[in-house]
Structure formats: C-alpha cells, structure tokens
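# Summary of the model geometry
Residue strings, one per chain:
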Amino acid sequence: MKVDVRDNNVEQALRVLKKRMQREGVFREMRLREHFEKPSVKRAREKAEGVRRVRKMARKKLERESGIAAPKKTIRPAR
C-alpha cells in the first residue's frame, strides 16, 4: 500500500493510510491473528458473519425497493 506525502504534510498522509487500511480490513485481520483461534470457533464466526452480511444486504435491498426505512432498534438500559 502506498500513500504520497504532499507538501510535507505527514499527518494528512497518516490519516489517508489509516483510512485505506481500515477499508482493506488490515486492522481487523491483525486483531483476529493476535491469538490462536480454534478451527471450530473460526467456522462458527465466519458462518455468523455470512448470515449477518446476507441479512444486511437483504435489508438494504428492501429499503431501496420499497423506499421505506426499516425501524431502528431501541437501546434498552442495563439493569
């Protein structure tokens, strides 16, 4: 991954780099690789991620087609 520094503005280049790394999923990958993950746990996590992704795509498709936003979930206070 390459980021150009313009006018010696290193801070802006770092922000751009962090944003690109976030978009690519580098930080998430690093966090997952910090500790060993059992194959059964990995399969369960990947399956749950797939279900979440499919539901999100279906929800977005429904919003686009119907023009009605889905109801927002309410946050319940902790007991």
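- Under the annotation held in an unreviewed UniProt entry, the protein carries the name Small ribosomal subunit protein bS21 and is attributed to Agrobacterium bohemicum.
- In UniProt, the protein has this text filed under Sequence similarities (unreviewed entry): "Belongs to the bacterial ribosomal protein bS21 family."

## Description of a nonpolar patch on the surface
- A cluster of nonpolar side chains, V5, V10 and L14, forms an exposed patch at the surface whose accessible area comes to about 240 Å².
- Looking at where V5 falls in the secondary structure, it is placed in the segment before α1 (10-24).

## Observations regarding a positive patch on the surface
- Residues R55, K56, R59, K60, K61, R64 and K73 make up a contiguous surface patch of positive charge.
- Checked against the element boundaries, K61 lands in helix α3 (residues 39-66).
- Assessed through its relative accessible area of 45%, K61 is described here as partly exposed.

## Examining unusual backbone geometry
- Here D7, not a glycine, exhibits a phi torsion of approximately 55°, which is positive.
- Checked against the element boundaries, D7 lands in the segment before α1.
- What makes D7 exposed here is its relative accessible area of 78%.
- The backbone of N8 shows a phi angle near 55°, a positive value even though the residue is not glycine.
- Counting through the fold element by element, N8 comes out in the segment before α1.
- With a relative accessible area of 72%, N8 lands in the exposed category.

## As for α1
- Between the first and last C-alpha of α1 there are 21 Å, a value that for 15 residues agrees with the 21 Å anticipated at 1.5 Å per step.
- G25 lies just past α1 and shows a positive phi near 90°.

Cut-offs and rules
Residues numbered from 1 in each chain as written. Predicted model: local features only at pLDDT ≥ 70, side-chain atom pairs only at ≥ 80, totals over all residues. Heavy atoms only, no water. UniProt positions renumbered as here; feature names shortened; annotations may be inferred. Patch = residues over 30% accessible without salt bridge, like charges linked within 9 Å, V, L, I, M, F, W, Y side chains within 5 Å. Areas by Shrake-Rupley, 256 points an atom, 1.4 Å probe, with all protein chains shown as cover. Salt bridge = Lys/Arg side-chain N within 4 Å of Asp/Glu carboxyl O. Helix = DSSP H or I, 4+ residues; strand = E, 2+ residues; numbered from the N terminus. Lys, Arg positive; Asp, Glu negative; His and termini not counted. Charge placed at Lys NZ, Arg CZ, Asp CG, Glu CD. Buried < 20%, exposed > 50% of the residue type's maximum accessible area, 1.4 Å probe, protein only. Expected span 1.5 Å × (residues − 1).

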